[in-house]
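# Structure at a glance
Here are the chains, one letter per residue:
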Amino acid sequence: MKAPVTTVLSTTSSATAVVGQSSTHESARAQVLGQAPYLDDVPELRGTLYAAPILSTISHGTLHGVDSSEALRMPGVRGVVLAADIPGDPILAAFGHDEPIFALDKVWHVGQVIGLVVADSVMAARRAARKVVADITPLPAVLDTATAIAQQSFVLPPVHVQRGDADAGLARAAQRLQGTLEVGGQEHFYLEGQIAYVIPSEQNQWVVHSSTQHPGEVQEWVAHALGVGAHAVTVQCRRMGGGFGGKETQAGHLAVWSALAARKFACPIKLRLDRDDDFMITGKRHPFSYEWDVGFDASGLITGLKLQMAVHCGFSADLSGPVADRAIFHADNAYFLSDVSVTSYRCKLNTQSHTAFRGFGGPQGVIVIETIMGDIAHTLGLDPLEVRRRNYYDADATSPRAITHYQMKVEDNILLPMTQKLEQDANYQQRLAAISAWNAQNSVLQRGMAITPVKFGISFTATLFNQAGALVHVYTDGTVQVNHGGTEMGQGLNTKVAQIVADELGVPLSQVQVTASDTSKVPNASATAASSGTDLNGRAAQYAAGKVRNNLAAFVAGLANCGAGAITFSGGLIHSPSGSRPFNAVVKEAYANRIQLWSDGFYRTPKIHYDKATLTGRPFYYFAYGLACTEVAIDTLTGESKVLAIDVLYDAGRSINPAIDIGQVEGGFIQGMGWLTTEQLVWNDKGVLTTHAPSTYKIPATGDIPEHFKVELFNEPNREDNVGGSKAVGEPPFMLAISVYEALRNAIASARQQQGKTGMVQLQAPATAEHVLQSLQR
């Protein structure tokens, strides 16, 4: 098999520039050699004990107490930690203040943590935890969104957003369609599971090692539970073995549990979940249920849309509110909706409390409008790409058709030229004809192809999180250390930040080192999420480096008797009208003259504002765009499917690191493909997650990657003043995988047509073999 095809576009304009070059990931070599330490590799202090969770086996019930006597008799067991051992608030310091640290008088899902067993070894703790007996009287459980809506069981009130008059738009439509869709959730399946290591320090202080995307929140939660000030808790995170949103809030639980155990037993405590417990305890991507009524004309132009989203939130709010809000924001995807009404129900169910996952509600918004576009095209007998293109936002930002349903102008729409380029580069029309000819000659194997676009808003929808800080230290030998509030989970954030700082100071990349995230260095940092890690932390680090550079420039200008504006930095040299000198030498001399060689930087995203009451405003600084063309085949006898070819064109602006960005596009696409094809979460009628291990939950593997997988970056700078002219690349590529789902529906439609079946293709996601067969036979 040939290696997948990729296209790397260099965006550098200078021979000495670091930004724009495909520099190697800062810890790639160490990771390949097994020398990059993760949290479980941190040397343990003498006296460290190990914790394991005591889990509920009932989905909803009254908790009367626990019997830990058998567990306490087991070798190596030191004791248990329960709600009574919490000195602070027994409710987590989460947004909704509705989630107990340990179960109190009730249990709310199978896998809820009731307490911990602490022992001398990991396995002793785990074995003992399974011997603890919880006295629970079962209560009726709510396990589906229809029941939740009927019983008004919500974690947050329903939200309704509208523009124009959807009923009038439907009434005047030449044609109408109604439909429903079920889209499943997704397990994060990070390679490194959830883990925390808490060390008591002097005078009621605490050092927390956490595999977390949000050290600041872990600090707040631990302090809240222990009843101490945030200044008494330091949280550190060097790297994670994957996060994908699963370590935004969920990592905080383990840190709190470990801290409570460390307090009770007055020693360091490590808690690492095994894979099965991780599945049972932690939240997933939110499953969604949809109903819609859409009106359109003979060209496929939508004239009215009423859409209902029922969000499976689990037992507590967690991040369900902003996830559901973003699904509303992205229910338009790339399309202008003139008369639209969207209602979102945030349903409380007796399952794990679902949480952030790459895309954060965006994929759940995009998939429903793409399904509607596909249905309209099949109804009219038109090319789905033409129907999609017909409904695009206008490229002219002054047009009335360039305003979203939440009243934000789309000022940077580049989808039309991108669509034209991908359509040509992927030979879309020629391949479409070839697929039609193939399908006419084959009854068992049917092929399908689809191009779907993505328009994804970049920024936290909660405006306050769009801020970041950084520290840059230049040492007397000219080397540079950077610390920022973001976290590294393999996405290359630290590499990009180092590139930005290196360019700002004009030094080689090898001279810049980014250190572990640490709440004692940069406080109050936002989560590394919302695809904004580089935008926020990169700019903050650039500002910090810029202050040091300005100090050095002023110093050199004084020596050269010129203005500071005449001083430039590049190639490891500082240039003045009187000549060039090595950066290292100038730094040493500046220190001798008591020039400040370190500084802080702070950045807050401009232009954004957002009214939570009306869900209107400008929640996003800019949009990132992309398109994917995917070809698939299905076996009509078994329902099995295979992705045959993928072509992606992605808008990364002026890429800071094209190789890393392309890797993120590839990884995001495949993760999205898994969500829509093989990764199925199944809860039984007792609320037990039955797919809780690799034996039953299937992520994509190397054999699922097609031979033809081409990714190209669309080389146009960000129209907003973003760092390096770049655009975010973490989440938007995930939604490009919706092209896989639409290609599968097109293949199913062809097969159904051969069989003489009519009606829309109803395909539940993920499109497992079982669901494909059901769609063929429906």
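Residues numbered from 1 in each chain as written. Predicted model: local features only at pLDDT ≥ 70, side-chain atom pairs only at ≥ 80, totals over all residues. Heavy atoms only, no water.

This paragraph deals with the overall build of the chain. A count of helices and strands for the chain gives 20 helices and 29 strands. For the chain, whose C-alpha radius of gyration is 27 Å, the value lies close to the compact-globule estimate of 28 Å for 778 residues. Projected onto the principal axes, the alpha-carbon positions of the chain cover approximately 85 × 75 × 55 Å. Classification of the 778 residues of the chain by burial places 61% in the buried group. For the chain, the accessible surface area stands at approximately 28,200 Å², while carbon and sulfur atoms represent 52% of it. (Helix = DSSP H or I, 4+ residues; strand = E, 2+ residues; numbered from the N terminus. Rg over C-alpha atoms; globule rule 2.2 N^0.38 Å. Buried < 20%, exposed > 50% of the residue type's maximum accessible area, 1.4 Å probe, protein only. Areas by Shrake-Rupley, 256 points an atom, 1.4 Å probe, with all protein chains shown as cover.)

Once that is clear, we can look at a nonpolar patch on the surface. On the surface, a cluster of nonpolar side chains totalling about 260 Å² of accessible area is made up of Val444, Leu445 and Leu637. Note on Leu637: relative accessible area 62%, which makes it exposed. (Patch = residues over 30% accessible without salt bridge, like charges linked within 9 Å, V, L, I, M, F, W, Y side chains within 5 Å. Salt bridge = Lys/Arg side-chain N within 4 Å of Asp/Glu carboxyl O.)

Looking now at the pattern of salt bridges. With the rule as written, the count across this model stands at 36 salt bridges. Here Lys264 makes a salt bridge to Asp85, at a shortest N to O gap of 3.2 Å. Separated by 179 residues along the polypeptide, Lys264 in helix H7 (residues 250–265) and Asp85 in the loop between strand E3 (77–81) and strand E4 (106–107) bring together distant segments of the chain. Residue Lys421 is joined to Glu712 by a salt bridge in which the shortest nitrogen-to-oxygen separation is 3.4 Å. With Lys421 in helix H12 (residues 415–425) and Glu712 in strand E29 (residues 708–713), the pair connects residues that are 291 residues apart, well separated along the chain. Given a relative accessible area of 26%, Lys421 falls into the partly exposed group. Through salt bridges that share partners, Glu370, Asp375, Arg388, Glu742 and Arg745 make up one connected network.

What follows covers the environment of Leu627. Relative to the elements of secondary structure, Leu627 occurs in strand E27 (residues 622–635). With sequence-adjacent residues up to four places away left out, Leu627 is seen in contact with Tyr392, Leu415, Met418, Thr419, Leu422, Ile451, Thr452, Pro453, Asp647, Val648, Leu649 and Leu736. (Contact = heavy atoms within 4.5 Å.)

Bringing the pairing of strand E15 (residues 340–348) into the picture now. Counting buried positions along E15 gives 7 out of 9 residues, so the element sits mostly inside the fold. Where strand E7 (residues 154–163) lies against E15, 7 bridges are found, and the strand directions are antiparallel. Looking at the pairing, Phe154 lines up with Cys347 of E15. Where strand E14 (residues 302–314) and E15 come together, 9 bridges link them in parallel fashion. Among the inter-strand pairings, Met309 is bridged to a residue of E15, identified as Ser344. This β-α-β element, E14 to helix H9 (residues 320–329) to E15, shows right-handed connectivity. (Pairing = 2+ DSSP bridges. Right-handed = clockwise from strand over helix to strand, strands pointing away.)

What follows is about the confidence of the model for the chain. Per-chain confidence: the chain averages 96 in pLDDT, with 98% of residues scoring 70 or above. Every residue in residues 1–13 scores below 50 in pLDDT, and together they form 37 contacts with partners more than four places removed in sequence or on other chains. (pLDDT = per-residue confidence, 0-100.)

Within the largest apolar cluster, 151 residues are counted, with the highest numbers of intra-cluster contacts made by Tyr290, Val501, Val648 and Phe669. If one sorts the elements of this core by residue count, helix H15 (residues 533–560) sits on top with 11 residues. Those residues within four positions of Tyr290 in sequence are excluded, and the remaining contacts are Gly179, Thr180, Leu181, Val183, Leu307, Gln308, Met309, Gln364, Ile367 and Val368. Core analysis: the second largest hydrophobic core is formed by 39 residues, Leu49, Phe102, Leu226 and Ile269 among them. (Core = buried A, V, L, I, M, F, W, Y, C linked by side-chain atoms within 4.5 Å.)

Taking 1.5 Å per residue as the helical rise, helix H6 (residues 215–226) with its 12 residues ought to reach 16 Å, and the 16 Å between its terminal C-alpha atoms agrees with that figure. In terms of burial, H6 is largely enclosed, as 10 of its 12 residues are buried. Among the residues making up H6, those that are buried are Pro215, Gly216, Glu217, Val218, Gln219, Trp221, Val222, Ala223, Ala225 and Leu226. Where the residues of H6 are buried, they touch strand E10 (205–210), strand E11 (233–237), H7 and strand E20 (517–518). Note on H6: the residue one or two positions beyond its end, Gly227, has a positive phi of about 75 degrees. (Expected span 1.5 Å × (residues − 1).)

Before going further, it helps to spend a moment on the packing of H6 against H7. At a minimum axis separation of 9 Å, H6 and H7 run at an interaxial angle of 35 degrees. Remark: the crossing between H6 and H7 carries right-handed chirality. Across from Val218, Trp221, Val222, Ala225 and Leu226 in H6, the residues of H7 making contact are Gly252, His253, Ala255, Val256, Ala259, Leu260 and Arg263. Its residues assigned to classes, the contact of H6 with H7 comprises 9 nonpolar, 2 polar and 1 charged. (Axes fitted to C-alpha atoms, helices over the stretch in contact; angles between N-to-C directions. Left-handed = near helix turned anticlockwise from the far one by under 90°. Nonpolar A, V, L, I, M, F, W, Y, C, P; charged D, E, K, R; others polar.)

Given 3.6 residues per turn, any residue in an α-helix points the same way as the ones three and four places further on. A rise of 1.5 Å per residue sets the reference length of helix H17 (residues 658–677), with its 20 residues, at 28 Å; its end C-alpha atoms lie 28 Å apart and thus fit the reference within 8%. With respect to burial, H17 is a largely interior element, 16 of its 20 residues being buried.

Of the two faces of strand E24 (residues 598–604), the one holding Ser599, Gly601 and Tyr603 is buried and the one holding Trp598, Asp600, Phe602 and Arg604 is not buried anywhere. Where strand E17 (residues 467–474) lies against E24, 7 bridges are found, and the strand directions are antiparallel. Residue pairing in the sheet places Gly469 in a bridge with Phe602 of E24.

What the rule picks out here adds up to 20 aromatic pairs. Considering the side-chain rings of Phe329 and Phe620, the 5.7 Å spacing of their centres and the 80 degrees angle between planes classify their relative orientation as edge-to-face. Of this pair, Phe329 sits in helix H9 while Phe620 sits in the loop between strand E26 (616–618) and E27; the two residues are 291 residues apart in sequence, bridging distant segments of the chain. Among the aromatic side chains, those forming a connected cluster through ring pairs are Phe329, Tyr406, Tyr610, Phe620, Phe623 and Tyr625. A cation sits over an aromatic face here: Arg285 above Trp675, 5.2 Å from the ring centre. One Lys or Arg, Lys455, reaches over the ring of Phe623 and ends 4.1 Å from the middle of that ring. (Phe/Tyr/Trp six-rings, centres within 6.5 Å; stacked < 30°, edge-to-face > 60°. Lys NZ or Arg CZ within 6 Å of the ring centre and 35° of its normal.)

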